Amino acid sequence: MANLEGIDVAPVSAWLEANIDGARGPFEFAFISGGRSNLTFAVTDADRRRLVLRRPPMSHVLATAHDMAREHRIISALQGTAVPVPRTLGFCEDQSVNGRPFYVMDFVEGHVLRTPQLIEDHLDAAARTSAGHDLVDVLVEIHAVDPDAVGLGDLGRPQGYIERQLKRWYGQFQGSQQQMRDAGSGRPAPAVDEAHALLAASVPEQTEVTIAHGDYRLDNTVVGGDGRIRAVLDWELCTLGDPLADLGTLLVYYSQPPGFPAAAELVERYREKSGRDTANLDYYTAFGHWRLACIVEGVYARYAAGAMGEDGKKGAEMFGSQTIHRAELALKILKGTTKR
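This report concerns the structure included in the present document.

Conventions adopted
- Residues numbered from 1 in each chain as written.
- Predicted model: local features only at pLDDT ≥ 70, side-chain atom pairs only at ≥ 80, totals over all residues.
- Heavy atoms only, no water.
- Buried < 20%, exposed > 50% of the residue type's maximum accessible area, 1.4 Å probe, protein only.
- Helix = DSSP H or I, 4+ residues; strand = E, 2+ residues; numbered from the N terminus.
- Pairing = 2+ DSSP bridges.
- Axes fitted to C-alpha atoms, helices over the stretch in contact; angles between N-to-C directions.
- Salt bridge = Lys/Arg side-chain N within 4 Å of Asp/Glu carboxyl O.
- Phe/Tyr/Trp six-rings, centres within 6.5 Å; stacked < 30°, edge-to-face > 60°.
- Polar contact = N/O pair within 3.5 Å; in protein donor to acceptor, adjacent residues only side chain to side chain.

**Some thoughts on the pairing of strand E3 (residues 50–55)**
Here is step 1 of the chain: Most of E3 sits out of view: five of its six residues are buried.
Here is step 2 of the chain: Two strands pair when backbone bridges link them, and strand E2 (residues 39–44) and E3 are joined in this way by six bridges, in the antiparallel orientation. Across the sheet, residue Thr40 finds its bridge partner in E3, namely Arg54.
Here is step 3 of the chain: Here E2 folds back onto E3, and the loop between the two strands holds five residues, one of which, Arg48, carries a positive phi near 65°.
Here is step 4 of the chain: The pairing of E3 with strand E5 (residues 102–106) spans four bridges and is antiparallel. Residue pairing in the sheet places Leu53 in a bridge with Val104 of E5.

**As for the sheet that holds E2**
Adjacent strands of a sheet form backbone hydrogen bonds with each other and so pair up, either parallel or antiparallel.
Here is step 1 of the chain: Reading across the sheet, the five strands line up as E1-E2-E3-E5-E4 and stay open at both edges, with antiparallel pairing between neighbours. Two strands bound the open sheet, and with one partner strand each, they are strand E1 (28–33) and strand E4 (88–92). The sheet shows a mean angle of 25° between the axes of neighbouring strands, taken without regard to direction.

**Things to note about the pattern of salt bridges**
Here is step 1 of the chain: In total, this model carries 15 salt bridges according to the counting rule given.
Here is step 2 of the chain: Among the ionic pairs, Asp234 bridges to Arg54, the shortest N-O distance being 3.1 Å. Within this pair, whereas Asp234 is found in the loop between strand E8 (229–232) and strand E9 (239–241), its partner Arg54 is found in strand E3, the two being separated by 180 residues in sequence.
Here is step 3 of the chain: The class for Asp234 is partly exposed, based on a relative accessible area of 26%.
Here is step 4 of the chain: Residue Arg54 is classed as buried on the basis of its relative accessible area of 3%.

**Concerning the packing of aromatic side chains**
Here is step 1 of the chain: What the rule picks out here adds up to seven aromatic pairs.
Here is step 2 of the chain: Their ring planes at 45° and their centres at 6.4 Å tell us that Phe27 and Phe29 sit as a pair that is tilted. Each member of the pair Phe27 and Phe29 is classed as buried.
Here is step 3 of the chain: Between Phe31 and Phe41, the ring centres sit 5.6 Å apart and the planes meet at 70°, which makes this aromatic pair edge-to-face.

**Some words on the side chain of Thr221**
Here is step 1 of the chain: Following the sequence through the fold, Thr221 ends up in strand E7 (residues 221–223).
Here is step 2 of the chain: Reaching out from Thr221, the side chain makes a polar contact with the backbone oxygen of Leu218 at a distance of 2.6 Å.

By themselves, these observations are geometric and do not establish any function.
So, in C-alpha cells, the structure goes:
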C-alpha cells in the first residue's frame, strides 16, 4: 500500500505488529480528520479489526502543542472512570517510525455528529434528546474525576486557570498579528484587544480545580444510535482548571441542533447534577468566544501568509472575518448587550 500523508506505511505497520497485541498486517490506513489539529487515522488489520492512530499535524507544530504522550496519558488515566474514552493500546515515541510520536487506541463504533444532516441521518427524536442530556452528564462526570486518584494531579497548575489561558491565547493572537505584519498582510482586530482587557479585568474567583477538557463539544464525541455518548475525543487542550470554562466552551459551539434540548436546559441540567453555581457563566461563554477568536486568527495568519497554498489565500478572508465576529460576540456578552 502506498504511503498516505502522515503515515509511513512500512515502519508503522512493523511497529503495530510488534507492539499492539493481536494486530496483524497488512494494514489499511484511512484519514479520518485533522489538519490544523492532530491528525486521526483509521487502521484496519488483516482480520478486519479496526484501530485509531493519532499523530501531530504535518506542519506548524508548536513546541508546547500536539503532545502525543500527554494526550495518551490522559485517556489512559480516565479508563476505569465513568468518563467514556477509547481504550489506549500503545504509544510510540520513536520519531524514526513515523516522523512524529503517535499513539494507538481502539476504534469506537458510533457517529461523530459534525453537521445537522448527520444528526438527522443517525438519530431519531428520542435519541437527539438523549444525546443533548448525555452531553451534559458526561461533562459532569469529567469534572467529578479526582485528578490525584487517577494519577493526573500534576497535569497542570491548580489555580489561575483563566489568567493563564488569557496570557497564552493573547500571546498567540499577538504572534499571529506580527506574523501577518511581517508578511505584509493581515489587518488590525481591535475587538480582540478590547475583549481581552475586559476579560482580564473581571476574572471570576476560581473556587475549585477539576480536569478541564478544554474543547468539549458534540463533535468531539462519538455518539451511539441511542444518543448515548460512547467516547469523548480530542483531549489535546486538557489540563487542570476551572470546570465552568468547559461549560462555557460547550455553549459557544452549541447551536441547538434540531430535536436537541435548548441551551438553557443544558445549563440547568449541569447546575443540578454538578451542584455548581453557574451565575458567572456569561463570563466563561464570553471567554470561550474570545479564545476561539484567537485560535481562528492563527489559522487566518497561516492562510493569509500563503502557508496553505493559493487556495488557502482565497479562503483567508473567511477566517479573518470569523476572528472579528467571535471577538464581537464576546464583547456583547461582557458589556451586557446580549446573553449567551
